Amino acid sequence: MKVHWTDTAETHLDDIYTYIARDSKVYALRTVDRITKRSKQISTFPQSGRKVTEYNSERVREVFSGSYRIIYYIKSDQIDIIAVLHEAMNAFHDEQE
């Protein structure tokens, strides 16, 4: 199945690269490359990700790449990557509630 990276997810990747590149452009590129390669698993096995607890939908799932959550939405004709979030963002969100 085709995987589509939404504008939001692409912005997240750009932000991840920019943040890590302040210390190492090589590591930043490797990190973004690892994240984007997870789309192959998602494409082949869309149900392999776990359901996202914040949503009550079988179609919204996530896989992990290191410390990053890749959240995606399964459509009938494609899979939309909707967000790439660092796990530290979850801890911050949980503290705000």
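Summarised in this report is the structure supplied together with it.

About the criteria used
Residues numbered from 1 in each chain as written. Predicted model: local features only at pLDDT ≥ 70, side-chain atom pairs only at ≥ 80, totals over all residues. Heavy atoms only, no water. Salt bridge = Lys/Arg side-chain N within 4 Å of Asp/Glu carboxyl O. Buried < 20%, exposed > 50% of the residue type's maximum accessible area, 1.4 Å probe, protein only. Axes fitted to C-alpha atoms, helices over the stretch in contact; angles between N-to-C directions. Helix = DSSP H or I, 4+ residues; strand = E, 2+ residues; numbered from the N terminus. Parallel < 35°, antiparallel > 145°, perpendicular 65-115°, else oblique. Left-handed = near helix turned anticlockwise from the far one by under 90°. Contact = heavy atoms within 4.5 Å. Nonpolar A, V, L, I, M, F, W, Y, C, P; charged D, E, K, R; others polar. Pairing = 2+ DSSP bridges. Expected span 1.5 Å × (residues − 1). Arc of directions from axis to C-beta.

According to the stated counting rule, one finds 7 salt bridges in the structure shown. The salt bridge partner of arginine 69 is glutamate 62, with a shortest N-O separation of 2.5 Å. Both residues of the pair, arginine 69 and glutamate 62, belong to the buried class. As a salt-bridge pair, lysine 75 and aspartate 80 come within 2.8 Å of each other at their nearest N and O atoms. Within the structure, one salt-bridge network assembled from shared partners comprises Arg50, Glu54, Glu62 and Arg69.

Another point: the packing of helix 1 (residues 7–21) against helix 2 (residues 25–44). Where helix 1 contacts helix 2, the axes come no closer than 7 Å and their chain directions differ by 155°. Judged by the angle between their axes, helix 1 and helix 2 are roughly antiparallel. In the crossing of helix 1 with helix 2, the sense of the turn from one axis to the other is right-handed. Residues Leu13, Ile16, Tyr17, Ile20 and Ala21 of helix 1 form the contact with helix 2, whose own contacting residues are Lys25, Tyr27, Ala28, Leu29, Thr31, Val32, Ile35 and Thr36. Residue classes in the contact of helix 1 with helix 2 are distributed as 10 nonpolar, 2 polar and 1 charged.

Taken in spatial order, the 5 strands line up as 1-5-4-3-2 in an open sheet, and their pairing is mixed. Across the chains shown, the open sheet's two edge strands, defined by having one partner strand only, are strand 1 (2–5) and strand 2 (50–51). Both strand 4 (residues 68–74) and strand 5 (residues 78–86) contribute to a ladder of 7 bridges, which runs antiparallel. Of the residues in strand 5, the one forming a bridge with isoleucine 70 is valine 84. Here helix 1 sits on the sheet in contact with strand 1, strand 4 and strand 5, set at roughly 35° to strand 5. On top of the sheet, helix 2 reaches strand 1, strand 3 (60–65), strand 4 and strand 5; it is set at about 135° to strand 3, its chief contact.

Its 15 residues place the ends of helix 1 21 Å apart at the C-alpha level, agreeing with the 21 Å of an ideal helix rising 1.5 Å per residue. Within helix 1, burial applies to Ala9, His12, Leu13, Ile16, Ile20 and Ala21. The buried residues of helix 1 all sit within an arc of 160° when viewed along its axis, so they share a single face. Across helix 1 from its buried face, at more than 90 degrees, point the exposed residues Asp7, Asp14, Thr18 and Tyr19. Looking at the buried residues of helix 1, the elements they touch are strand 1, helix 2, strand 4 and strand 5.

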